[in-house]
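A look at the structure
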Amino acid sequence: MNIWYRVGDLEAARAFYTKRLGFREVYFDEEDRWIRLERNGVEIAISDGEFQSDAGAGGEEAVAAVDVEDVKAEAERLREDGVRVGVVLEIPGAIRLLDVFDPDGNRLQLTQEI
């Protein structure tokens, strides 16, 4: 697993990732306060703590990319559910992408091969 998201409220993030984005919880470390999640072969971890990005210092921000069947339908569903999402971007004949933001502002991408 390579992608960790730091969140301000672990329980709120757990509910967001499992109920709104369809991730499955595969491990919870109660003592160290982190959770491993999986969806369609993509694994991420969320943990209590302040997020510190070094993307502004020339680093690259890590982003989980999750394959879905229909990016446009997911965008509509998430918007209706009050989730902050970007616009659907499409590379014709190749892929559709959608940025999705968790309650702490961490970015994920939903992807669809076309």
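Residues numbered from 1 in each chain as written. Predicted model: local features only at pLDDT ≥ 70, side-chain atom pairs only at ≥ 80, totals over all residues. Heavy atoms only, no water.

1. Digging into the sheet that holds strand S2 (residues 24–29)
Put simply, the rule is: Strand pairing is defined by DSSP finding a minimum of two bridges between the two strands. A run of H or I in DSSP becomes a helix once it reaches four residues, and a run of E becomes a strand once it reaches two; helices and strands are each numbered from the N terminus. All axes here are fitted lines through C-alpha atoms, helices being fitted over the stretch that makes contact, and every angle between N-to-C directions spans 0 to 180 degrees. We call two residues in contact when some of their heavy atoms are within 4.5 Å.
What the four strands build is an open sheet, ordered S1-S4-S3-S2; its pairing is mixed. With partners counted over all chains shown, the strands left at the sheet margins are strand S1 (4–7) and S2, one partner each. Between one strand axis and the next, the sheet turns by 25° as a mean value, whatever way the strands run. Examined bridge by bridge, strand S3 (residues 34–39) and strand S4 (residues 42–48) share six bridges and lie antiparallel to one another. Among the inter-strand pairings, Arg39 is bridged to a residue of S4, identified as Val42. Along the sheet, helix H1 (residues 10–20) makes contact with S1, S2, S3 and S4, crossing S4 at roughly 160°.

2. Here we look at the pairing of S4
Heads up, the condition is: Partly exposed residues are those whose accessible area sits between 20% and 50% of the maximum for their type, while under 20% is buried and over 50% is exposed, using a 1.4 Å probe and protein chains only.
The buried fraction of S4 amounts to five of the seven residues, a majority that puts the element mostly inside the structure. Counting the residues between successive antiparallel strands, the hairpin from S3 to S4 contains two residues, one of them, Asn40, with a positive phi of roughly 50°.

3. What to know about the confidence of the model for the protein chain
Threshold: Note on scores: pLDDT gives the predictor's confidence for each residue, bounded by 0 and 100.
Within the protein chain, residue pLDDT values average 88, and 88% of them lie at 70 or more. In this model, residues 53–59 is a region of pLDDT below 50 whose contacts with residues beyond four sequence positions or in other chains number two contacts.

4. As for the environment of Leu97
Take Leu97: it is sitting in strand S8 (residues 95–101). The contacts of Leu97, once residues within four sequence positions are left out, are Val71, Val87, Val88, Leu89, Gln109, Leu110 and Thr111.

5. What to know about H1
What counts here: Directions drawn from the helix axis to the C-beta atoms are what define this arc.
Within H1, the full set of buried residues consists of Leu10, Ala13, Arg14, Phe16 and Tyr17. For H1, the angular spread of buried residues about the axis comes to 165°, placing them on one side. Residues of H1 that are buried make contact with S1, S2, S3, S4, S8 and strand S9 (107–113). In the segment just after H1, Gly22 is the residue with positive phi, at about 80°.

6. Quick look at the nonpolar core
What counts here: What is meant by a nonpolar core is a set of buried Ala, Val, Leu, Ile, Met, Phe, Trp, Tyr and Cys residues, joined one to another through side-chain atoms within 4.5 Å.
Judged by nonpolar contacts, the single largest core of 26 residues is most densely connected at Tyr5, Tyr17, Leu21, Phe23, Ile44, Ile46 and Val100. Elements with a minimum of two residues in this core: S1, H1, S3, S4, strand S5 (64–67), helix H2 (71–80), S8 and S9. When residues in this core are grouped by element, the largest group, four residues, is from H1.

7. So, the environment of Gly105
Examined against the element boundaries, Gly105 turns out to sit in the loop between S8 and S9. By relative accessible area, Gly105 is classed as partly exposed at 34%. Considering only alpha carbons, one finds Gly105 and Arg6, 99 residues apart in sequence, at a separation of 9.9 Å.

8. Brief notes about the packing of aromatic side chains
Quick reminder of the rule: Here is the rule: rings of Phe, Tyr and Trp (six-membered ring for Trp) pair when centre to centre is within 6.5 Å. Planes less than 30 degrees apart are stacked, more than 60 are edge-to-face, and the remainder are tilted. The criterion is that NZ of a Lys, or CZ of an Arg, lies within 6 Å of the ring centre and within 35 degrees of the ring normal, and then a charge sits over that ring.
Counted according to the given criterion, the structure contains five aromatic pairs. Where Tyr5 meets Tyr17, the ring centres are 6.4 Å apart and the plane angle is 20°; that geometry is what we call stacked. Of this pair, Tyr5 sits in strand S1 while Tyr17 sits in helix H1, placing them twelve residues apart in sequence. A single burial state applies to Tyr5 and to Tyr17, both of which are buried. Residues Tyr17 and Phe23 carry aromatic rings whose centres are separated by 5.8 Å and whose planes lie at 75° to one another, so their mutual orientation is edge-to-face. For the pair Tyr17 and Phe23, a shared accessibility class is recorded, and that class is buried. Every member of this aromatic cluster is reached through a ring pair, and the members are Tyr5, Phe16, Tyr17 and Phe23. Its guanidinium or amino end placed over the ring of Phe28, Arg14 lies 4.4 Å from that ring's centre, counting from NZ or CZ. If you follow Arg84 out to its NZ or CZ, it ends over the ring of Phe101, 3.9 Å from the centre.

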